[in-house]
Amino acid sequence: QVQVVESGGGLVQPGESLRLSCVVSTSMFVFYTMGWYRQAPGKQRELVAAFTTGGGGNYAESVKGRFTISRDNAKNTVYLQMNSLRPEDTAVYYCNAETTDSGSVWGQGTQVTVSS
């Protein structure tokens, strides 16, 4: 069974940076479409960033120019570099793997809180 585990969340001040990591438990990772989502209290889960079929990044308008998604296939890991964080970025961030064999798999989430 494919497992997805996020890490890297925390409490930061506005303007600071964080890097989230998501490790997938199989080398089949290289074939998976990966994305980051977030869910703030009282709101629906929304796409933050994901890889397109062409390999580039697709970003929510609210994070364009501040967040960058990347992946390291040798480490079965996808990253979300978040710069210039704002209070409205506060949410639980989830990693998603669209797998070739196990459907859509979600991690447990990691909390990001941006507050002064």
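About the criteria used
- Residues numbered from 1 in each chain as written.
- Predicted model: local features only at pLDDT ≥ 70, side-chain atom pairs only at ≥ 80, totals over all residues.
- Heavy atoms only, no water.
- Disulfide = S-S within 2.5 Å.
- Helix = DSSP H or I, 4+ residues; strand = E, 2+ residues; numbered from the N terminus.
- Buried < 20%, exposed > 50% of the residue type's maximum accessible area, 1.4 Å probe, protein only.
- Salt bridge = Lys/Arg side-chain N within 4 Å of Asp/Glu carboxyl O.
- Phe/Tyr/Trp six-rings, centres within 6.5 Å; stacked < 30°, edge-to-face > 60°.
- Lys NZ or Arg CZ within 6 Å of the ring centre and 35° of its normal.
- Pairing = 2+ DSSP bridges.
- Axes fitted to C-alpha atoms, helices over the stretch in contact; angles between N-to-C directions.

Here we take up the state of the cysteines. Covalently bonding the sulfur atom of one cysteine to the sulfur atom of another cysteine gives a disulfide. Inspection of the entire model under this criterion finds one disulfide. One disulfide bridge connects Cys22 with Cys95, the sulfur atoms lying 2.1 Å from each other. Because the sign of the S-S torsion sets the handedness, a value of about -80° for the bond joining Cys22 and Cys95 places this disulfide among the left-handed ones. Taken as a pair, Cys22 in strand β3 (residues 18-24) and Cys95 in strand β9 (residues 91-98) lie far apart in primary sequence, 73 residues in all. Exposure class is identical for Cys22 and Cys95. Each is buried.

What follows deals with the pattern of salt bridges. Counted according to the given criterion, the structure contains four salt bridges. In this structure, Glu46 engages Arg38 in a salt bridge whose closest nitrogen and oxygen atoms are separated by 2.7 Å. Arg38 is the partner of Asp89 in a salt bridge, and the nearest nitrogen-oxygen pair spans 3.0 Å. Of this pair, Asp89 sits in the loop between β8 (77-82) and β9 while Arg38 sits in strand β4 (residues 33-39), and the two are 51 residues apart along the sequence. Taking the relative accessible area as the measure of exposure, Arg38 reaches 6% and is therefore buried.

Within the structure shown, the criterion is met by one aromatic pair. A ring pair is formed by Tyr37 and Trp106, whose centres lie 4.9 Å apart and whose planes are at 65°; its orientation type is edge-to-face. Here Trp106 lies in strand β10 (residues 104-106) and Tyr37 lies in strand β4, a separation of 69 residues in the sequence. The ring centre of Tyr94 lies 3.7 Å from the NZ or CZ of Arg45, which sits over that ring.

Another aspect to go through is the sheet that holds strand β1 (residues 4-7). Reading across the sheet, the four strands line up as β1-β3-β8-β7 and stay open at both edges, with antiparallel pairing between neighbours. Two strands lie at the open edges of the sheet, namely β1 and β7 (67-72), each paired on one side alone. Going from strand to strand, the sheet's axes swing by 15° on average, the running direction of each strand aside. As paired elements, β7 and β8 share six bridges and run antiparallel to each other. Looking across to β8, one finds that Asp72 is bridged to Thr77.

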